[in-house]
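# Fold and contact review
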Amino acid sequence: MADNESGVGGFGWFLAGLGIGALVGVLYAPKAGKETRDDIVAGALEARDRANQLYAQGVDQVGQFVEQGKQVAADYVDKGKQVAGEYVDRGKEYYDKGRSQWNEYVDKGKDLIQTQAEAAKAAVDAGKEAYVAKVNEPAPVG
């Protein structure tokens, strides 16, 4: 079971079996020595070509997986940027709302202070007038 953890081991066993099968088939074939050697060479060349073809397919698949991975990562990056942008926009809205409320409260405070200052000035002026009126009042003759 532990040998089946990767496809590389299985592919290696496949090639070994292919080679052994070709060798056994050639050895038991009723052919002359020159023909047998030529068949062995041809079989080896075919096995090499097939291995190269499978290697090229593997490289192509890996390239496809890399491109898919890049695309998925780019999609996640774009989605993250979009979400971050939404939070930044929402933060700006809250900041602007808070700033306008603060300015409103400051203006109300200024108005209240101005109103109270005017009322205090009016009270002081009324007190002065009352004092002056009292002082300038003719003394009762008695």
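Everything that follows concerns the structure shown earlier in this document.
This one's a predicted model, so the numbers in the text were calculated from it and none came from an experiment.

Conventions and cut-offs
- Residues numbered from 1 in each chain as written.
- Predicted model: local features only at pLDDT ≥ 70, side-chain atom pairs only at ≥ 80, totals over all residues.
- Heavy atoms only, no water.
- Helix = DSSP H or I, 4+ residues; strand = E, 2+ residues; numbered from the N terminus.
- Buried < 20%, exposed > 50% of the residue type's maximum accessible area, 1.4 Å probe, protein only.
- Salt bridge = Lys/Arg side-chain N within 4 Å of Asp/Glu carboxyl O.
- Patch = residues over 30% accessible without salt bridge, like charges linked within 9 Å, V, L, I, M, F, W, Y side chains within 5 Å.
- Areas by Shrake-Rupley, 256 points an atom, 1.4 Å probe, with all protein chains shown as cover.
- 1 Å grid on protein atoms, 1.4 Å probe; cavity = no way out; pocket = protein on both sides within 12 Å on 5 of 7 lines; lining within 4 Å.
- Points joined across faces, edges and corners; volume = space filled by probe spheres on them.
- Lys, Arg positive; Asp, Glu negative; His and termini not counted.
- Charge placed at Lys NZ, Arg CZ, Asp CG, Glu CD.

Another aspect to go through is the overall build of the chain. In terms of helices and strands, the chain carries two helices and zero strands. Within the span of the chain, comprising 142 residues, buried residues form 1% of the whole.

All right, on to the pattern of salt bridges then. Taken as a whole, this structure holds three salt bridges when the rule is applied. A salt bridge links Asp 49 to Arg 48; its shortest N-O distance comes to 3.6 Å. Among the ionic pairs, Glu 104 bridges to Lys 108, the shortest N-O distance being 3.6 Å. Placement of the pair is Glu 104 and Lys 108 together in helix 2 (residues 33-136), with a separation of four residues, close to one helical turn. The class of Glu 104 is partly exposed, set by a relative accessible area of 41%.

On to a nonpolar patch on the surface. On the surface, a cluster of nonpolar side chains totalling about 630 Å² of accessible area is made up of Ile 20, Leu 23, Val 24, Leu 27, Tyr 28 and Ile 40. Of all the elements, helix 1 (residues 7-28) adds the most residues to the nonpolar patch, at five residues. Relative to the helices and strands, Leu 23 is located in helix 1.

Looking now at the layout of surface pockets. Roughly 200 Å³ of internal volume is contained in the largest pocket. As for the largest pocket, its lining consists of twelve residues, of which Leu 18, Gly 19, Ala 22, Gly 43 and Ala 44 are closest to the centre. Sorting the residues of the lining of the largest pocket by element identifies helix 1 and helix 2 as the ones contributing at least two each.

Residues Glu 86, Asp 89, Glu 93 and Asp 96 make up a contiguous surface patch of negative charge. Relative to the assigned elements, Asp 96 resides in helix 2.

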